[in-house]
Amino acid sequence: MRIEEIWARRRFVFMDGAMGTELQKRGLQPGQKPELAALEMPQTLTAIHAEYAAAGAELLLANTFGANARKLAGSGHTVAEVVAASIACAKQAAAPCGALVGLDIGPLGELLAPAGTLPFADACTAFAEIVRAGAAAGADFVFVETMTDLYELKAAVLAAKENSALPVFTSMSFEANGRTFTGCTVESYAVTAAGLGADAVGINCSLGPQEILPFAQRLCRTVPAGVPVFVKPNAGLPNLDGSYDLTAEEFARQMQAYAATGVSLLGGCCGTTPAYIAALRAAFAVQTPAQKIPLRRSCLCTPVRFVEVDGITVVGERINPTGKKRLQQALREGDSAYPCAQAVAQAEAGAEVLDVNAGLPGIDEAAVLERLVCELQAVTDLPLQLDSSDPAALERALRVYNGKPIVNSVNGEQKTLDAILPLCKKYGAAVVGLTLDEHGIPDDAEGRLAIARRIVAATDAAGIPREDVYIDCLTLTASAQQEGAAQTLQALTRCKRELGVRTVLGVSNISFGLPCRGYLNTTFLTMAMAAGLDLAIMNPNTPEMMAAVRAYRVLTAQDPQSAAYVQAYANVQLQTQAVAAVPAAPQNAPSGDALFEAVRRGLQDEARAAAEAALRTQQPLAVVNTSLIPALDAVGDGFEKGTVFLPQLLQAATAAQAAFEAVKAAIAAQGQPGGAGKGKIVLATVQGDVHDIGKNIVRVILENYGYDVLDLGRDVPPERVVEAVRATGARLVGLSALMTTTVPNMKATIDALHEAGLPCQVWVGGAVLTPAYAKQIGADFYCKDAKASADLAKAILG
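Residues numbered from 1 in each chain as written. Predicted model: local features only at pLDDT ≥ 70, side-chain atom pairs only at ≥ 80, totals over all residues. Heavy atoms only, no water.

Chemist: What is the right way to look at the nonpolar core in this model?
Modeler: One recurring pattern in soluble globular proteins: nonpolar side chains tend to sit buried together. Formed by 176 residues in total, the largest nonpolar core has its most connected members in Phe127, Tyr189, Leu266 and Leu525. Excluding residues that lie within four positions of it along the chain, phenylalanine 127 makes contacts with Ile105, Gly106, Leu108, Met147, Glu152, Ala155, Ala156 and Ala159. Grouped together as the second largest cluster of nonpolar side chains are 50 residues, Ala614, Val624, Leu646 and Ile667 included. (Core = buried A, V, L, I, M, F, W, Y, C linked by side-chain atoms within 4.5 Å. Buried < 20%, exposed > 50% of the residue type's maximum accessible area, 1.4 Å probe, protein only. Contact = heavy atoms within 4.5 Å.)

Okay, here's the thing in structure tokens:
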């Protein structure tokens, strides 16, 4: 049987349930690696698979969730050994009933750069090793699951697609706020995974059936029609005795709500057993999945920002070296600070997408564009328009881009279409098509429309949907071709109406060579919007042009209740009056303000320079207390309110760290000991658990607040925590656990600290924990994230 045969049945397909808790119930010891079960307890593992198959599971996942080189380090076994043995056990159990076996791939356990330290290329390599082993061992499909970082999911999907011909399923885990741990939205996940070629897209873990339901509905509205959607919820939250909140019957009853959503594959995650799958199959045996009817919409995204192009959308044009000497200098010198500052400024001015161009004679465009993409997505959450006609440059930039970008551009030349469209298809990018070819730009609208038809025919043939095609009918300067403006607008309207595509224009080209360019640019922009323009490539820092965009949105009902317009302009007169009334700022205020803003924006080089400037007029601790700490507090408050997400939080922490280095140097120069000395904290991921991403984030934030943090790492036995607290005198201890099977070790560590009589307080955190559960295991506090941990440290230690 093949995956294609399962899809053809047009009925619900059943997947298996939890593996870790089943292994634990059957003899897996604390500290024993679950991934080695196929080598150390093969009969037990095979029996679990067989029970799931007997319960009705048609898709079994091999016990390879953590079978990567990083997690197997020190085990004495290779990835190939573990994967082959695990798939063999699952195959043996699947054979009698004809079930298919998937190569299960979980997170690597390290956060990818820029939020973490693991390079994207290294992640791809690690996943590729697993995929090759799985394909060689006879896996029927690849199942990438429990991902919280969209970048890591992309690395896994690319590895699967490039190293095997197996179908690829993808699954992410969402929190109750509808975002993953790193802030990824359901929609960004859906379009990115489907764009990369995932054969099925779903959600698993973290939450129960009722909580996942609204996210699954959003997934079904976003994933393309031909891509199935699945869910594998938890059986609620774990109790101290290892049981879960929902019984098998309650689980199956709550899952009934999925029958009408368009979801067509069902299974379970943490806490579910073969009995849950049997109940699920009985409940859905006579039902047929509802037809999934996704919305066809034009969109671009980063993990945390989903931009739907429905009406006029502003593309910032300032990261393009043409005519910009300062940017040219920065690109030649490898100076990332300047383009990053331009990105942040454009975002704050109202840009929704950023054009990125590295086409400059004498530089390695491919290398520079790749570096720019990596640096820009560290400081902004806006989608990028990758502006190049060089296939090599686009290949490298598309590969490292996190989300769904737009490529600018192809044209009517066949060789260009042949070189670039396959890249757009492989990486799931939208594409701009310029209405020119080897004969140049046609003078009239009819000629440009003819080229647009050729481009659209090519994108159709490449499998790129029309909602991802943006035609640029080309703005010609009015000083040279005055009648060209009308032809451009006429062609734009016809392309949109007759071809069903989106449109884009470089607006500012209209005024080249003429005085008072802003008048022409704004007027032409308004005419283009009325003609049906979707993407306006323009300078968002020009107030009159942004005013035209905001006003147009009000008058065309694209700005409900004029909310965005009011937010932008309600206090304009008040601000104007206030300028004259405010007394002059103190001499040292600009430096302090600059430092606050640099940290808030996550600009590392600017933060270091601003700190050095502030230190010329202020004492080191004054700089810390008046600028650095308030900036971190402001970012932390945004994180708590859901307006700032994990990547920005970490970027702000990195910027603050750069500033702290300058502060430490100033303290050392004064002959004082370094460090803020606010208090000692011990952190650890408990014994048996190798997941330390959350704990590492907490460490970074705490260190930037000036606390002395001793990080004991992961898989830490209780006695080592006790020894560290006794040696350091730490008054605060943070314990982390992600796996349900290791939560008992968290309790054991807390008990050991209490038995030792150490005067410390303990807080705990992790995806499987709740405040009530933390209290049950004896913790003093529960912190849901890094911001809450920092607030606790301030309350306890000052």
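Chemist: Teacher, can you tell me more about the packing of helix α9 (residues 186-195) against helix α10 (residues 209-222) here?
Modeler: How two helices sit against one another is set out by the angle between their axes and by the gap between those axes. Packing of α9 against α10 brings their axes to within 9 Å, and their N-to-C directions diverge by 40°. With respect to their mutual orientation, α9 and α10 come out oblique. The crossing of α9 and α10 is right-handed. Across the interface between the two elements, Val186, Glu187, Tyr189, Ala190 and Val191 from α9 touch Phe215, Arg218, Leu219 and Thr222 from α10. (Axes fitted to C-alpha atoms, helices over the stretch in contact; angles between N-to-C directions. Helix = DSSP H or I, 4+ residues; strand = E, 2+ residues; numbered from the N terminus. Parallel < 35°, antiparallel > 145°, perpendicular 65-115°, else oblique. Left-handed = near helix turned anticlockwise from the far one by under 90°.)

Chemist: Got a minute to help me understand the packing of aromatic side chains in this structure?
Modeler: Geometry of an aromatic ring pair is reported as the spacing of the ring centres plus the angle between the planes. Enumeration according to the criterion identifies 10 aromatic pairs in this entry. Measuring from ring centre to ring centre gives 4.6 Å for phenylalanine 120 and tyrosine 151, while their planes differ by 20°; the resulting arrangement is stacked. Taken together, the residues phenylalanine 120 in helix α7 (residues 120-137) and tyrosine 151 in helix α8 (residues 150-163) connect sequence positions 31 residues apart. The exposure class assigned to tyrosine 151 is buried, which follows from its relative accessible area of 4%. (Phe/Tyr/Trp six-rings, centres within 6.5 Å; stacked < 30°, edge-to-face > 60°.)

Chemist: Sorry, what's going on with the sheet that holds strand β13 (residues 384-387) here?
Modeler: Strand pairing in a sheet is mediated by backbone hydrogen bonds. Such pairs are either parallel or antiparallel. Pairing is parallel in the closed barrel, where 8 strands are placed in the order β11-β12-β13-β14-β15-β16-β17-β18. The mean inter-strand angle of the sheet, taken between neighbouring strand axes irrespective of direction, is 25°. In this structure, strand β11 (residues 313-319) lies alongside strand β12 (residues 353-357), joined through 3 bridges in parallel fashion. Looking at the pairing, valine 315 lines up with valine 353 of β12. (Pairing = 2+ DSSP bridges.)

Chemist: Mind showing me how you'd approach the pairing of strand β20 (residues 708-711) here?
Modeler: A regular strand places its side chains on the two faces of the sheet in alternate fashion. Sheet analysis places strand β19 (residues 680-685) next to β20, joined by 4 bridges and oriented parallel. From the neighbouring strand, valine 682 faces β20, where its bridge partner is leucine 710. Crossover β19 to β20 through helix α28 (residues 693-704) is right-handed. (Right-handed = clockwise from strand over helix to strand, strands pointing away.)

Chemist: Mind showing me how you'd approach the pairing of strand β6 (residues 200-204) here?
Modeler: When you tally the buried positions in β6, you get 5 out of 5 residues, the bulk of the element. Both faces of β6 are covered, namely the face carrying Ala200, Gly202 and Asn204 and the face carrying Val201 and Ile203. Pairing geometry for strand β5 (residues 168-172) and β6, over 4 bridges, is parallel. The partner of serine 171 across the bridge, within β6, is glycine 202. Each parallel crossover has a hand, and the one from β5 via α9 to β6 is right-handed. Pairing geometry for β6 and strand β7 (residues 229-232), over 4 bridges, is parallel. Across the sheet, valine 201 pairs through a bridge with valine 229, a residue of β7. Handedness of the crossover joining β6 and β7 through α10: right-handed.

Chemist: Any chance you could explain the pattern of salt bridges here in plain terms?
Modeler: Between side chains of opposite charge, a pair can form when the charged atoms approach closely. Here the structure, examined in full by the defined rule, presents 42 salt bridges. The partner of arginine 305 in a salt bridge is aspartate 381, with the nearest N and O atoms 3.2 Å apart. Of this pair, arginine 305 sits in the loop between β9 (299-301) and β10 (306-308) while aspartate 381 sits in the loop between α15 (365-379) and β13; the two residues are 76 residues apart in sequence, bridging distant segments of the chain. Judged by relative accessible area, which is 30%, arginine 305 ranks as partly exposed. One salt bridge connects lysine 794 with aspartate 791, and the closest N-O pair in it is separated by 3.7 Å. Taken together, the residues lysine 794 and aspartate 791, both in helix α32 (residues 786-797) and 3 residues apart, mark about one turn of the helix. Overall, the relative accessible area of 28% leaves lysine 794 in the partly exposed class. (Salt bridge = Lys/Arg side-chain N within 4 Å of Asp/Glu carboxyl O.)

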